[in-house]
Amino acid sequence: MVAAVRVHQYGGPEVLTYEDIEVGPPGQGQLRIKQHASGVNFIDTYFRMGMYPSPVGLPFVSGNEGAGEVVAVGPGVTEFKVGDRVGYVTALGCYAAERLLAADRAVKLPANITYEQAAAMMLKGMTVEYLVRRTFKVQKGQNVLVHAAAGGVGLILCQWANHLGANVVGTVGSEKKAELAKANGCHHAILYRDEDFVARVKEITDGKLCAVAYDGIGKTTFPATLDCISPLGMFVSFGSASGQIEAFNINILQQKGSLFATRPTLNTYAAKRESLLDIANHLFEVVGSGAVKIPVNQKYPLRDAAKAHRDLEGRATTGSSILLP
Ligand SMILES: NC(=O)c1ccc[n+]([C@@H]2O[C@H](COP(=O)([O-])OP(=O)(O)OC[C@H]3O[C@@H](n4cnc5c(N)ncnc54)[C@H](OP(=O)(O)O)[C@@H]3O)[C@@H](O)[C@H]2O)c1
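One structure accompanies this document, and this report is about it. (Residues numbered from 1 in each chain as written. Predicted model: local features only at pLDDT ≥ 70, side-chain atom pairs only at ≥ 80, totals over all residues. Heavy atoms only, no water.)

For the rest of this paragraph, the subject is the packing of aromatic side chains. Under the definition given, this model contains 7 aromatic pairs. When the centroid spacing of 5.7 Å and the interplanar angle of 85 degrees are considered together, the rings of Phe47 and Tyr52 count as edge-to-face. Taking relative accessible area as the criterion, Phe47 reaches 7% and is therefore assigned buried. Cluster of aromatic residues (ring-pair linked, three or more members): Phe42, Tyr46, Phe47 and Tyr52. Against the face of Tyr115 rests Arg85, its NZ or CZ located 4.7 Å from the ring centre. Lying over the aromatic face of Phe80, Lys108 brings its terminal NZ or CZ to 5.5 Å of the ring centre. (Phe/Tyr/Trp six-rings, centres within 6.5 Å; stacked < 30°, edge-to-face > 60°. Buried < 20%, exposed > 50% of the residue type's maximum accessible area, 1.4 Å probe, protein only. Lys NZ or Arg CZ within 6 Å of the ring centre and 35° of its normal.)

This part covers the site of the ligand. Around the ligand, the structure places 28 residues, and the nearest of them are Tyr130, Lys177, Tyr192, Gly216 and Arg315. Phe42 places a main-chain nitrogen or oxygen 3.0 Å from an oxygen atom of the ligand. Within the backbone of Ser240, one N or O atom sits 3.2 Å away from an oxygen atom of the ligand. A total of 910 Å² of accessible area belongs to the ligand in isolation, and the protein chains cover 91% of it. (Near = heavy atom within 4 Å. Polar contact = N/O pair within 3.5 Å; in protein donor to acceptor, adjacent residues only side chain to side chain. Areas by Shrake-Rupley, 256 points an atom, 1.4 Å probe, with all protein chains shown as cover.)

Turning our eyes to something else, we now look at the sheet that holds strand β1 (residues 2–7). Across the sheet, 3 strands lie side by side as β2-β1-β4; this open sheet has antiparallel pairing. The open sheet has two edge strands, β2 (16–21) and β4 (60–61), and neither has a second partner. (Pairing = 2+ DSSP bridges. Helix = DSSP H or I, 4+ residues; strand = E, 2+ residues; numbered from the N terminus.)

For the rest of this paragraph, the subject is the pattern of salt bridges. Per the stated rule, a full pass over the model turns up 15 salt bridges. The residue Arg48 makes a salt bridge to Glu313 at a minimum N-O spacing of 2.8 Å. Residue Arg48 is found in helix α1 (residues 42–49), and its partner Glu313 is found in helix α9 (residues 305–313); the two are separated by 265 residues along the sequence. With relative accessibility at 2%, the residue Arg48 sits in the buried group. (Salt bridge = Lys/Arg side-chain N within 4 Å of Asp/Glu carboxyl O.)

By size, the foremost hydrophobic cluster in this structure holds 57 residues, and its most contacted members are Met126 and Tyr214. With 12 residues, the top contributor of residues to this core is helix α2 (residues 115–135). Once residues within four sequence positions are removed from consideration, Tyr214 is found in contact with Leu131, Val132, Phe136, Val138, Val144, Leu145, Val146, His147, Leu157, Val236 and Phe238. Ranked by size, the runner-up nonpolar core spans 24 residues in total, among them Val40, Ala96, Ala97 and Ala305. (Core = buried A, V, L, I, M, F, W, Y, C linked by side-chain atoms within 4.5 Å. Contact = heavy atoms within 4.5 Å.)

A separate point is the side chain of Gln35. Within the fold, Gln35 resides in strand β3 (residues 30–40). At 2.6 Å, the side chain of Gln35 and the backbone oxygen of Cys94 are in polar contact. A polar contact is formed between the side chain of Gln35 and the backbone oxygen of Ala96, at a distance of 3.1 Å. Excluding its chain neighbours within four sequence positions, the residues that come into contact with Gln35 are Ala67, Gly68, Tyr88, Cys94, Ala96, Ala97, Glu98, Arg99 and Pro325.

Note that every value here comes from positions in space, so none of it alone points to a role or purpose.
Spelled out as structure tokens, the structure:
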């Protein structure tokens, strides 16, 4: 039996139940992983509350990002052996001391990437890779808007966009978060709880607005974010921390300047194994070179997963959070 955090019924953080579970031997194409750390992500809260239905029904082990060592290898696996260090993103199963994992979702970690870094970045950092290099290719000199710039994805996104030469404009919920965002590549931080962020974006960019807006907030920043984007620019709605954007009239994109809009997810970009490895390798490169740092600003024992969720949803965290078994 191993320790895990399971959800037996959808609900608030209180439904996260710390208990022992049975983990069997790896089946065909699977690895058994001894976890060293699990990442905490906003998507974990969507599954917990049932906004995203669990693909395995109830109960399920929470968590979508982790890192650890291979302790057993199932039949048919040729790419991995016992002792390999791996990181991964996969739907559910991560808040546990040990787990089974499809080998085709595991990525070998380079020696210069720690387990804690990996658990804090496999989902958030690979997301940033596709956001800045695939969904919209950020170019030198472009104005880029990043909502929740001091968050887990936000701090990595600010650094990576800055590394690509962009002028990074971020929104944040407090002065402390503004300082942190600025220390992580954000050139201009807007306190969007107090200031009119559209007016500030216009002012900061001299009326030129932004070539792309990365929005993981959703409900409360829409549709104002569209007014921050220059004609033919792109609205990237990649999350719903404040709730989902409701259906809207597509003509609004024409009125705001023939904008492009997309609602991407890492699952699609990393669906093929070669894409997964390519995205992960780019992430390992920028982190390995020091161009992008992974701030792990909250660490919790696995049994305190509910507190980790309360802090994340209560806007009390910055950077990445991890759980340690
Ligand atoms: N599509 C994908 O592939 C993908 C992958 C990873 C993550 N995501 C999305 O990216 C977003 C960020 O994820 P994360 O895990 O890095 O979280 P996070 O940004 O660390 O935390 C969310 C932040 O959103 C801001 N926020 C604004 N309104 C909020 C509200 N009503 N409730 C809670 N927070 C609010 C808060 O920052 P302030 O206090 O500064 O406002 C909060 O710290 C989420 O929407 C997530 O679903 C998408």
